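A look at the structure
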Amino acid sequence: MLTFFSKRKIEIISGLIFIIMFFLLGYLLINPEDFFARDDGVITMSHARNFVDHGFIGVSPSGERVLGFSAPLQFIIYTIVYFITRINPFVYTIFQTVICTFFLGYIFSKFFKDAKFGLIYSVVCAFSLTRIFTFLGWHASGMENALVHVFFIWVVYILYNFVKKNKINYYYSIVIFLATIVRFDSIYHIAPLLIIFSIYWVIRNKNIKALKFSLLVGAVWVLFMLSNYLYFGSILPHTAAEQNIDVGVNIKKILSLDFNYLKSSWVLIVNIIKKTGLLLVPVFLILTVLFDKKPIKKETRFIYIICFSLFVTGALNPLIFGMTRIDPARTVTFLSVIVMLFVCFVIKEMNFRKVIPHTIIVSILVCIAMGLYSLAFPVYYLGYSTSMFETTRNTFLSAAEENDIHRATVSNPDLGIVSWYKQFNIVDLGGLGSPLITYIKADERMILFYFDYMAPDLVEVHGHWSKRYSFLLNSDLFKQLYMPITEVSYYKDNPKQPEGIWIRKDMMISSMSNERLFYDKLKNNLSLENIEQEFKLLQESDSKNSAYISRTIYKFIPELKAQKLFNGTIDIFENYNASEFDNYLLNSSKKAAAWKPIAKLFNDYETP
């Protein structure tokens, strides 16, 4: 153990420098409400908890399978950590931030370990990153950014070390594969690095070892994406569809020189350049030309090439993927780390690099420049704090308890903290956790699906979502079926955009609806006999719509599975010719893309 610490003394000190500076000069001086534990990060953790607690990847305890997150690696890590510790998202966010900050400093120092006073570069980097709030805030947001920062600079170091030592270690293909899944779009940034590495190696070493290494990473990535398809029925996460991200369409717009698209993308590119510190790059390019007259080492030249590859793919991210949700720079905050790596290499490789005072002077000037930068681009609210939605969750919970609704089906546009506790089944108006919300097109058909079939027990809408769903909120069916349990306000004082929380009258404790009576019966005695009896009563009535039966049973699916009654329930539904919607609700946790036939059913429906 002592040998380990003595050999890695510089790296460990650097990691501690990063932690101390990030917290003392950064997080402790900022209102946590501006950056800590964003609700979108909890969405990933909600999927992971669902997998551990209920045996499938999704957000609702009763179903369905859904890929409503963009960060596979964080999902995997949190699944393991939650399985062992049952850690909540807030504590996990703190641990993720601290651990990733340490390893960011640890890896960064390895580039400069052989340099005189190499820790100076760690201090410059750590201080500068505390001045770039877009980086600093998202690093501690509880989203995948902290992992992106660590794995991307780790990939750069691995490839740099291969070139420096002229030796490839195939075990590190695991690290680079993990970097490709730190986000689903990470392959867009990592693949060019592997291509550059392979070409560079062939030119210098006249063999294809690097190409084999890169193909190994690519093969594992392809297998991972295939496993996604087999499990979810889709290669890409549902977030892409909900946010209208279509890479093929975007590339066509670029190739056809679509002026409006290029213009809107340029605005986003400029935003990224400003927020991530890319403005430093041209300044240090000039310094390189002026001061670095000696031949550049092969590994330094390789670092410059790798950095520029990431600068290009990062800055052009909006051209390929369009507008990033919440913050245009959110998915490319790693650029700040790469910028500082480039800056520190330029300082190190200048002609006066052996003259310590000059190196210190330039480092101080960089820190002063970054201090001024932070004044030009101050702290801003990153959006979607979990505290915003704790009130919604607590109101849902109180209403469900007051009306004795077990595992109420709730519907609101913010999925994270509301779904993480697994107290409810979710109809996600944000679309990430409910593909049918995205794929059922016409308003009339959505109304039919939403009120006649899913019929959530509780509904909450706020902000711009009230505009998106005004057709639901202002429909006659909504006014007939729901009543407010909070004061109704109006977004931007527009009477067509109501905000508030509503409860479905048929599920209130005083209701005598068939659904409420069946629910009470089943809650008191969860038995196959009660389920079959309800189907017999339905057959004797004028109505043939069994949706209320499947909705009610949907609330109790985890209990039915625990009591070994679920297969018997499926048999009853088959005996009574269950509808496609019934089959969807009961089997959506077991089938890939269970929503597809239901979306087709509603989209093909001819409205009167």
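Residues numbered from 1 in each chain as written. Predicted model: local features only at pLDDT ≥ 70, side-chain atom pairs only at ≥ 80, totals over all residues. Heavy atoms only, no water.

1. A closer look at the pairing of strand β6 (residues 498–504)
Convention followed: Partly exposed residues are those whose accessible area sits between 20% and 50% of the maximum for their type, while under 20% is buried and over 50% is exposed, using a 1.4 Å probe and protein chains only. Helix and strand definitions here come from DSSP, where helices need a minimum of 4 consecutive H or I residues and strands a minimum of 2 consecutive E residues; each element is numbered from the N-terminal end. Following DSSP output, two strands are said to pair if at least two bridges run between them.
For β6, the tally of buried residues reaches 7 of 7 residues, placing the bulk of the element in the interior. As defined by bridge partners, strand β3 (residues 458–461) adjoins β6 across 4 bridges and the pair is classed as antiparallel. Counted as the bridge partner of Leu 458 is Ile 503 from β6. In this sheet, β6 lies alongside strand β4 (residues 482–484) in antiparallel orientation, the contact comprising 3 bridges. Bridge pairing in β6 places Met 483 opposite Ile 503. Both strand β5 (residues 489–490) and β6 contribute to a ladder of 2 bridges, which runs antiparallel. Paired with Tyr 490 across the bridge in β6 is Pro 498.

2. Some points on the pattern of salt bridges
Where we set the bar: Salt bridges are defined by distance alone: a side-chain nitrogen of Lys or Arg within 4 Å of a carboxyl oxygen of Asp or Glu.
All told, the structure shown has 18 salt bridges when counted by the stated rule. In this structure, Lys 555 engages Asp 457 in a salt bridge whose closest nitrogen and oxygen atoms are separated by 2.4 Å. Within this pair, whereas Lys 555 is found in helix α29 (residues 547–555), its partner Asp 457 is found in the loop between α23 (443–454) and β3, the two being separated by 98 residues in sequence. The same class applies to Lys 555 and to Asp 457, which are both buried. The shortest N-O distance in the salt bridge between Glu 515 and Arg 504 comes to 2.9 Å. Of this pair, Glu 515 sits in helix α27 (residues 514–524) while Arg 504 sits in strand β6; the two residues are 11 residues apart in sequence, bridging distant segments of the chain. Note on Glu 515: relative accessible area 4%, which makes it buried. Ionic contacts of the salt-bridge type, sharing partners, join the residues Asp 457, Arg 504, Glu 515, Arg 551 and Lys 555 into one network.

3. Some remarks on the layout of surface pockets
For clarity, the threshold we go by: Here a cavity means grid points, on a 1 Å grid over the protein atoms only, where a 1.4 Å probe fits yet cannot get out; a pocket means an open set of points with protein on both sides within 12 Å along at least five of seven lines; lining residues are those with an atom within 4 Å of a point. Grid points are joined across faces, edges and corners, and a volume is the space filled by probe spheres set on the points. Three classes are used: nonpolar for Ala, Val, Leu, Ile, Met, Phe, Trp, Tyr, Cys and Pro, charged for Asp, Glu, Lys and Arg, and polar for all others, with Gly counted as polar.
By volume, the largest pocket amounts to about 930 Å³. As for the largest pocket, its lining consists of 32 residues, and the residues nearest its centre are Tyr 106, Ile 107, Lys 110, Trp 154 and Tyr 172. The set of elements that each furnish at least two residues to the lining of the largest pocket consists of α4 (72–85), α5 (89–110) and α8 (145–165). Broken down by element, the lining of the largest pocket gets its largest block of residues, 11 residues, from α8. Its residues assigned to classes, the lining of the largest pocket comprises 20 nonpolar, 3 polar and 9 charged. In this structure, the second largest pocket is lined by 35 residues; those nearest its centre are Ser 70, Arg 183, Asp 185, Thr 239 and Ile 245. Among the elements of the structure, α3 (39–54), α10 (187–205), α11 (209–232), α12 (238–242) and α17 (317–321) are those that each provide at least two residues to the lining of the second largest pocket. Looking at the lining of the second largest pocket, the element that brings in the most residues is α3, giving 4 residues. In terms of residue class, the lining of the second largest pocket is built from 19 nonpolar, 9 polar and 7 charged.

4. Quick word on the pairing of strand β1 (residues 409–412)
Burial along β1 is two-sided: the face carrying Thr 409 and Ser 411 and the face carrying Val 410 and Asn 412 are both buried. Where β1 meets strand β2 (residues 425–428), 4 bridges bridge the pair, whose relative direction is parallel. The partner of Asn 412 across the bridge, within β2, is Asp 428. Here 2 bridges tie β1 to β3, and the two strands are oriented parallel to one another. The residue bridging Val 410 from the neighbouring strand is Leu 458, located in β3.

5. Here's the deal with the nonpolar core
Keep this limit in mind: Buried Ala, Val, Leu, Ile, Met, Phe, Trp, Tyr and Cys residues that are joined via side-chain atoms within 4.5 Å together make up what is termed a nonpolar core. In this description, contact between two residues means that some pair of their heavy atoms is separated by no more than 4.5 Å.
Membership of the largest hydrophobic core comes to 191 residues, with the highest contact counts inside it found for Phe 111, Leu 129, Leu 159 and Phe 197. Considering each element in turn, this core owes the most residues, 15 residues, to α8. Residues within four places of Phe 111 in sequence aside, it is in contact with Ile 153, Val 156, Tyr 157, Tyr 160, Ile 303, Leu 341 and Phe 345.

6. With respect to the packing of α4 against α5
The cut-off we apply is this: Angles run from 0 to 180 degrees between N-to-C directions of axes, and those axes are lines fitted to C-alpha atoms, restricted for helices to the stretch in contact. Less than a right angle of anticlockwise turn of the near helix away from the far helix marks a crossing as left-handed, whereas a clockwise turn marks it as right-handed.
Between α4 and α5, the shortest axis-to-axis distance is 12 Å and the interhelical angle comes to 115°. Remark: the crossing between α4 and α5 carries right-handed chirality. On the side of α4, the interface is formed by Gln 74, Ile 77, Tyr 78 and Val 81, while α5 contributes Pro 89, Tyr 92 and Gln 96.

7. So, the side chain of Ser 128
Checked against the element boundaries, Ser 128 lands in helix α6 (residues 119–130). Residues in contact with Ser 128, not counting those within four places in the same chain, are Met 340, Val 366 and Met 370.

8. Observations regarding the environment of Phe 449
The residue Phe 449 is located in helix α23 in this model. If sequence neighbours within four positions are ignored, Phe 449 has contacts with Leu 436, Ile 437, Ile 440, Met 454, Ala 455, Phe 581 and Phe 602.

9. Notes on the packing of α10 against helix α16 (residues 298–315)
The test is simple: In these notes the angle categories are as follows: under 35 degrees is roughly parallel, over 145 is roughly antiparallel, 65 to 115 is roughly perpendicular, and the rest is oblique.
At their nearest, the axes of α10 and α16 sit 9 Å apart, and the two run at 150° to each other. Looking at the two axes, α10 sits roughly antiparallel to α16. Remark: the crossing between α10 and α16 carries right-handed chirality. Contacts between α10 and α16 involve Tyr 188, His 189, Pro 192, Leu 193, Ile 196, Phe 197, Tyr 200 and Arg 204 on the former and, on the latter, Lys 298, Arg 301, Phe 302, Ile 305, Ile 306, Ser 309, Leu 310, Val 312, Thr 313 and Gly 314. In the contact of α10 with α16, the residues fall into 11 nonpolar, 4 polar and 3 charged.

10. Some words on unusual backbone geometry
The residue after Gly 63, namely Glu 64, is reached through a cis peptide bond having omega 15°. Looking at where Glu 64 falls in the secondary structure, it is placed in the loop between α3 and α4. In this model, Leu 257 sits at a positive phi of 55°, which is unusual for a non-glycine residue. Tracing the chain through its elements places Leu 257 in the loop between α13 (247–255) and α14 (259–276). With a phi close to 50°, Ala 593 is a non-glycine residue in the positive phi region.

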